[in-house]
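Fold and contact review
One letter stands for each residue in the lines below.
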Amino acid sequence: KEELLAMIAHDIKNPAGALAAMAELLNGYDAHTQDQRRLVEEIMMTASRIMRLSQDLGTALVAEVKDLPLDLKIDSLRPMLETVTRMNQTNASRKGITIRCLSPDNLPQVEMDSSRIEEVLDNLVSNAIKYSRPDSTITVDCKGTPSHVTIEITDTGAGLSEKDLQEAFQFGKKL
C-alpha cells in the first residue's frame, strides 16, 4: 500500500506543476480571448487529471489494492501525444526548450489504458524537460505498423548510467 501511495503521489506532482505554471502564465498574461480560452481549457484538463489521480489515491486507501486495475480499450495514441506535448509546453518554454511531436496521420489504434499510458508519457516528457539543457529540443516520436507501435522521447539530458539502467524499473527507485 505504501509503495502504491508513493507512486500515485509522484504522479500527482507533474500535472499539479503544469496547472500551477499555466495559472501563473494566465494571471500575468495580456492575452487575446483565444489564447486565454486555450489556457483555461488546458487548466481544466489538468485539473481533471489531478482529480482522477486523487480518486486513485482514495481507492488505494480504501481498498488497499496492490495494483490499480487497467481499463483496456481500443484508442488512438496521436491525440494523447499531442495533449501531453501541449500540457508540458509551458514548463519547456520557461527553459527555452522546444518540444516536437512527430506522429503519422495513419497511426494505428491500440488496446491500452489511456489514462495510465498518458501518465507514463507525461512523466517521461516532464523528466526530459527537467534534465535537458536550456535552449534545446525534446522530440516525441511515434511510429507504428498495424501490429506494433513505438514511442521514443529524445532529449539532451545526461541520461542514465549502466548501473541506473539496471535499476530503472524497480518500484520507487530514484536514479
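Structure: see above.
For the structure given in this document, a descriptive report is provided here. (Residues numbered from 1 in each chain as written. Predicted model: local features only at pLDDT ≥ 70, side-chain atom pairs only at ≥ 80, totals over all residues. Heavy atoms only, no water.)

1. Some remarks on unusual backbone geometry
- Residue Asp-135 is not a glycine yet carries a positive backbone phi of 60°.
- With respect to the helices, strands and loops of the structure, Asp-135 is situated in the loop between α4 (114–131) and β4 (137–145). (Helix = DSSP H or I, 4+ residues; strand = E, 2+ residues; numbered from the N terminus.)

2. Let's talk about the sheet that holds β4
- Taken together, the three strands give an open sheet; going across it, the order is β2-β4-β5, and neighbouring strands pair in mixed fashion. The open sheet has two free edges, formed respectively by β2 (98–102) and β5 (148–154), since each of these has just one partner strand. Ignoring which end each strand starts from, the neighbouring axes of this sheet average 5° apart.
- Examined bridge by bridge, β4 and β5 share seven bridges and lie antiparallel to one another. (Pairing = 2+ DSSP bridges. Axes fitted to C-alpha atoms, helices over the stretch in contact; angles between N-to-C directions.)

3. Description of the layout of surface pockets
- Its volume calculated, the second largest pocket comes out at about 150 Å³.
- Together, Leu-77, Val-110, Met-112, Ile-117, Val-120, Leu-121, Leu-124, Val-149 and Ile-151 line the second largest pocket.
- For the lining of the second largest pocket, the secondary structure elements donating two or more residues are β3 (110–112), α4 and β5.
- Ranked by residues supplied to the lining of the second largest pocket, first place goes to α4 with four residues. (1 Å grid on protein atoms, 1.4 Å probe; cavity = no way out; pocket = protein on both sides within 12 Å on 5 of 7 lines; lining within 4 Å. Points joined across faces, edges and corners; volume = space filled by probe spheres on them.)

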